[in-house]
Amino acid sequence: MKKSLRIFTMVLGLAVLGSFSASAQGFGVSSGGDGAGISMDGGDSSAPKKKKKKSKNSKKKDDSKKTSAVGKALGKLKTFNGKPSKKAKVYVYLQSASWCQPCNQEMPEVAATYLEMKKDGRAELILIGHDQEEDAAKKFLKQYKAKFPGILVSGKNVDKLPGFTMAQGIPNAIMVDEDGNVLASGYPSSVLPGWKAAVEPAADASADPAPTLPRELAE
């Protein structure tokens, strides 16, 4: 009787032990000392997580921020008084010099206009200085608190600026688009006011056609 009781007790103990082991495996209990946690789905909690794929849209660049043809050309030139924008829509080449009296008369208005252009961000003004020395051109800009960048007309590769041509007389301003197509040229006071209209996109005539008169009235 006692022997049968012992055998029954041993069988019961083995059954309980087997049940506990199966439960532990179902809950993903790790018996190692590597600090692994408990996974309710029975998986390995230490398995590496899949990386989220980046959206293709995040890799696309905004076309409006691409460097323009004029911007690329300016990037190859040595400038002073700051760096010109490489992503403007409109550029103005101002040919001027400190020894030129009409240039000095124009400069206060030019400097004031540039502040508006700089604030807008879509237009850039560059001094193409006709002074022989860079220091003279720098003092010329400083005298009128002009914040726009400059280069000397005698500098290397200045003649390769898209849309630039040597003026027969100064002061002179040449307004070009980002590809170097000439939009206007002449005296600075007559060219510069047009920068605002130049940076605005052209109106779509087909979107809002002009009203037409009845044939009877038109005749």
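Here the structure is a predicted model, which means the values were calculated and not measured. Counting of residues starts from 1 at the beginning of each chain's written sequence and follows it residue by residue. In keeping with the predicted nature of the model, local features appear solely for residues at pLDDT of at least 70, side-chain atom pairs appear and are counted solely at 80 or more, and the whole-chain, interface and lining totals rest on all residues. No hydrogens and no water enter the side-chain calculation; it runs on all heavy atoms of the structure.

> So what's going on with the sheet that holds strand β5 (residues 182-186)? Which residues, and what values?
With mixed pairing, 5 strands are arranged side by side in an open sheet as β3-β2-β1-β4-β5. The sheet is open, and its two borders are formed by β3 (150-152) and β5, each paired with just one other strand. Going across the sheet, the axis of each strand differs from the next one's by a mean of 20°, ignoring polarity. Relative to the sheet, helix α3 (residues 101-120) contacts β1 (90-96) and β2 (123-129), its axis offset from that of β2 by approximately 150°. At least two bridges found by DSSP between two strands is the condition for calling them paired. Put simply, DSSP marks the helices as runs of H or I at least four residues long and the strands as runs of E at least two long, and each gets a number from the N terminus on. In this description, a line fitted to the C-alpha atoms serves as the axis of each element, helices being fitted only across the stretch in contact, and the angle between N-to-C directions of two axes falls anywhere from 0 to 180 degrees. The contact rule is simple, with two residues in contact once any of their heavy atoms fall within 4.5 Å.

> Could you give an account of the pattern of salt bridges, with specific residues and numbers?
Any two side chains of opposite charge can pair if their charged atoms end up close together. Take a side-chain nitrogen of Lys or Arg and a carboxyl oxygen of Asp or Glu: if they are within 4 Å of each other, that pair is a salt bridge. Evaluated as defined, the whole model comprises 4 salt bridges. In this structure, E116 engages K196 in a salt bridge whose closest nitrogen and oxygen atoms are separated by 3.8 Å. Here the residue E116 occupies a position in helix α3, and K196 occupies one in helix α6 (residues 195-199), the gap between them amounting to 80 residues. For the salt bridge of R122 with E200, the shortest nitrogen-to-oxygen distance reads 3.1 Å.

> Any chance you could break down the confidence of the model for the protein for me, citing the residues and the numbers?
The predictor reports its confidence for every residue as pLDDT, a score running from 0 up to 100. The share of residues in the protein with pLDDT of 70 or more is 62%, and the mean pLDDT across the chain is 77. Low pLDDT, under 50, characterises residues 20-45; the stretch is placed with 14 contacts to residues that sit more than four places away or in other chains. Contacts of residues 56-64 to residues separated by more than four positions or lying in other chains number 0 contacts, the stretch itself having pLDDT below 50.

> Quick rundown of unusual backbone geometry? Include the residues and the values.
The omega torsion of the bond from I170 to P171 falls at 5°, within 30 degrees of zero and hence cis. As for its placement among the helices and strands, P171 is situated in the loop between β3 and β4 (172-177). Notably, N81 is not glycine yet its phi reads approximately 65°, a positive angle. Checked against the element boundaries, N81 lands in the loop between α2 (69-75) and β1. Non-glycine residue K145 carries a positive phi angle of around 55°. Structurally, K145 is set in the loop between α4 (134-143) and β3. Exposed residues in this analysis have more than 50% of their type's maximum accessible area, buried residues have under 20%, and partly exposed residues fall in between, with area computed by a 1.4 Å probe over protein chains only. Assessed through its relative accessible area of 67%, K145 is described here as exposed.

> Tell me what's going on with the nonpolar core, and back it up with residues and numbers.
Among the buried residues, those of types Ala, Val, Leu, Ile, Met, Phe, Trp, Tyr and Cys that are joined through side-chain atoms within 4.5 Å form a nonpolar core. With 28 residues, the main nonpolar core has V92, L94, M107, V110, M117, L125 and F148 as its most contacted residues. Looking at this core, the elements that each hand over two or more residues are β1, α3, β2, α4, β4 and α6. At 6 residues, the largest contribution of residues to this core is made by α3. When sequence neighbours within four positions are dropped, the list of residues in contact with F148 reads N81, L94, M107, V110, A111, Y114, L125, L127 and L141. Residues L77, I126, I151 and I174 belong to the second largest nonpolar core, which totals 16 residues.

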